[in-house]
Amino acid sequence: MGQIRFGVDDLAQLRFAVSPLWESVAALRSSVDPGRHALHLPWIKTASAIGRERTDLLPHLPELESLAPPPRCPLAEIEEELAAFTGPPERAEALLAWWRAGVRPYWPRIRAVLEADLAYRTRQLAEDGIQEVFAHLHPSLRWAEDRLTGAGLPARGVELDGGGITLAPSAFTTRCVLLPGRDAEPGRPGTPPCLVYPARGVGTLWERRAEPGDGLARLLGRSRAGLLGRTGVPATTTGLALQTGLSPGAVSQHLAVLRDAGLVTSHRYRREVYYRASELGQALLGGTPQEGPV
């Protein structure tokens, strides 16, 4: 059992982030341990067939986990994070190759799950306060007085220095991991520690529904029926456009009709709006979710 001790200033400096670099490293870890990551078996079957982009990195996995920089921005791109990577340049290049081969094809889907988690946590923070956020990050964590305790935290303890902490959900992590902060360097600001925790809703990550039947397509139109079928997990207009080949403008118009009909719901997170099938929309789709990378 370890702990993180907070000061008043640290509680006011709470941030949320999404890290494509950490997800790439955590995904690599899950690909070599399918027994502990059964939820990801549909993806692991595909990832295991990837060649050197994956196998060249496997001997360096512990190093990658220790060198991954703590994220601090929900909108960071992996190239930005790799600029702060302190490992050898060839390792950074290999990480980028693995990202492109094994993670990026599924990133819109993964990111939708992560950002749905952030939307839930930020709403919880606004409605119930920081104590409730910490209390529900993971069953192993406990919040009491001014400290967070639990498995996965440094046994020697960490005392924050007023710069706060970043919380980052992960689709591929089954435990909490604390990424230590980094001091400021010339031309580069310091970064507070980051607590990586398992995201909510990961069980839906690889679900996909069969294509909507002809009856639903005749009722809604094939494009709208297809879009509805892809909103089993939160999705953005841009992500749906990439999946369907429709223009973002056309997707936006179809989603507006589906939302007005009560078939999808929407919520905004920062610059993007996420859409998800409502209970009525799910009932119209019917059927049993199927597994497999989409």
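Here goes a summary of the coordinates provided. Along each chain, residue indices are assigned from 1 in the same order as the chain's sequence is written. Only residues with pLDDT of at least 70 get local features here, since the model is predicted, and only at 80 or more are side-chain atom pairs given and counted; chain-wide, interface and lining totals rely on the full set of residues. As a rule here, side-chain values come from all non-hydrogen atoms in the structure, and water together with hydrogens is ignored.

### Side note on the overall build of the protein
The condition that has to hold: Runs of H or I in DSSP of at least four residues are treated as helices and runs of E of at least two as strands, each being numbered from the N terminus. We take the radius of gyration over the C-alpha atoms and set the globule estimate at 2.2 Å times the residue count to the 0.38 power. Note on contacts: a residue pair qualifies if any of its non-hydrogen atoms lie within 4.5 Å across the two residues. Computed with a 1.4 Å probe, the accessible areas rest on the Shrake-Rupley method; for each residue, only the protein chains presented here act as cover. In this tally, Asp and Glu contribute negative charge and Lys and Arg positive charge; neither His nor the terminal groups of the chain are included. In this description, the location of a charge corresponds to atom NZ of lysine, CZ of arginine, CG of aspartate or CD of glutamate.
Secondary structure summary: the protein contains 14 helices and 13 strands in total. A compact globule built from 294 residues should have a C-alpha radius of gyration of about 19 Å, and the protein, at 20 Å, falls within 12% of that. Summarising its shape, the C-alpha atoms of the protein cover approximately 60 × 45 × 40 Å along the three principal directions. Long-range pairs, those at least 24 residues apart, make up 72% of the contacts in the protein between residues at least 6 apart in sequence. When the accessible surface of the protein is split by element, carbon and sulfur atoms take 51% of a total near 14200 Å². Charged side chains of the protein number 33 positive and 32 negative; the gap between the two group centres comes to 5 Å.

### A word on the sheet that holds strand 4 (residues 147-150)
Stated formally: Any two strands with at least two DSSP-identified bridges between them are counted as paired.
Pairing is mixed across the open sheet formed by four strands, whose spatial order is 3-4-1-5. Each edge of the open sheet is held by one strand with a lone partner, namely strand 3 (142-144) and strand 5 (158-159). As paired strands, strand 1 (residues 2-5) and strand 4 are joined by four bridges and run antiparallel to one another. Paired with Ile-4 across the bridge in strand 4 is Leu-148.

### Examining the pattern of salt bridges
Inclusion rule: By definition here, a salt bridge exists when the distance from a side-chain nitrogen of Lys or Arg to a carboxyl oxygen of Asp or Glu is within 4 Å. Classification of residues uses two cut-offs on accessible area relative to the type maximum, computed with a 1.4 Å probe and protein chains only: under 20% is buried, over 50% is exposed, and between them is partly exposed.
According to the stated counting rule, one finds seven salt bridges in the structure shown. The salt bridge partner of Asp-146 is Arg-5, with a shortest N-O separation of 3.0 Å. Of the two residues, Asp-146 is situated in the loop between strand 3 and strand 4 and Arg-5 in strand 1; the sequence distance between them amounts to 141 residues. Under the relative-accessibility criterion, Asp-146 is labelled partly exposed at 21%.

### Remarks on the nonpolar core
This is how the line gets drawn: As used in this record, nonpolar core signifies buried Ala, Val, Leu, Ile, Met, Phe, Trp, Tyr and Cys residues forming a set joined through side-chain atoms within 4.5 Å.
Counting 60 residues, the largest nonpolar core has Trp-43, Trp-98, Ile-110, Phe-134, Leu-167 and Leu-195 as the members making the most contacts within it. If near-sequence neighbours (up to four positions away) are discounted, Trp-98 is found in contact with Ser-24, Ala-27, Leu-28, Trp-43, Ala-47, Ile-50, Glu-53, Arg-54, Leu-57 and Val-103. Listed in part, the 16 residues of the second largest apolar core include Leu-216, Leu-240, Leu-263 and Val-264.

### Description of helix 2 (residues 20-31)
Put simply, the test is: Working rule for helices: expected span equals 1.5 Å times residues minus one.
Along its 12 residues, helix 2 runs 16 Å from first to last C-alpha, staying within 8% of the 16 Å computed at 1.5 Å per residue. Counting buried residues in helix 2 gives 11 out of 12 residues, a clear majority hidden from the surface. Buried within helix 2 we find Pro-20, Leu-21, Trp-22, Glu-23, Ser-24, Val-25, Ala-26, Ala-27, Leu-28, Ser-30 and Ser-31.

### Comments concerning the packing of helix 2 against helix 7 (residues 89-103)
Put simply, the rule is: Lines are fitted to the C-alpha atoms to define the axes, a helix being fitted only along its stretch in contact, and any angle between axes, read from their N-to-C directions, falls within 0 to 180 degrees. For this classification, under 35 degrees means roughly parallel, over 145 means roughly antiparallel, 65 to 115 means roughly perpendicular, and everything else is oblique.
It is the contact of helix 2 with helix 7, at a shortest axis distance of 10 Å, that shows an interaxial angle of 75°. In terms of axis orientation, helix 2 runs roughly perpendicular to helix 7. Within the contact between the two elements, helix 2 uses Pro-20, Leu-21, Ser-24, Val-25, Ala-27 and Leu-28 and helix 7 uses Leu-95, Trp-98, Trp-99 and Val-103.

### With respect to the pairing of strand 6 (residues 165-170)
For strand 6, the tally of buried residues reaches six of six residues, placing the bulk of the element in the interior. Across the two faces of strand 6 the burial is the same, with Ile-165, Leu-167 and Pro-169 and Thr-166, Ala-168 and Ser-170 all buried. Pairing of strand 2 (residues 14-16) with strand 6 involves three bridges; the strand directions are parallel. Each residue of the ladder has a partner; that of Phe-16, found in strand 6, is Leu-167. Strand direction decides the pairing type here: strand 6 and strand 8 (residues 194-198), joined by five bridges, are parallel. Residue pairing in the sheet places Thr-166 in a bridge with Cys-194 of strand 8.

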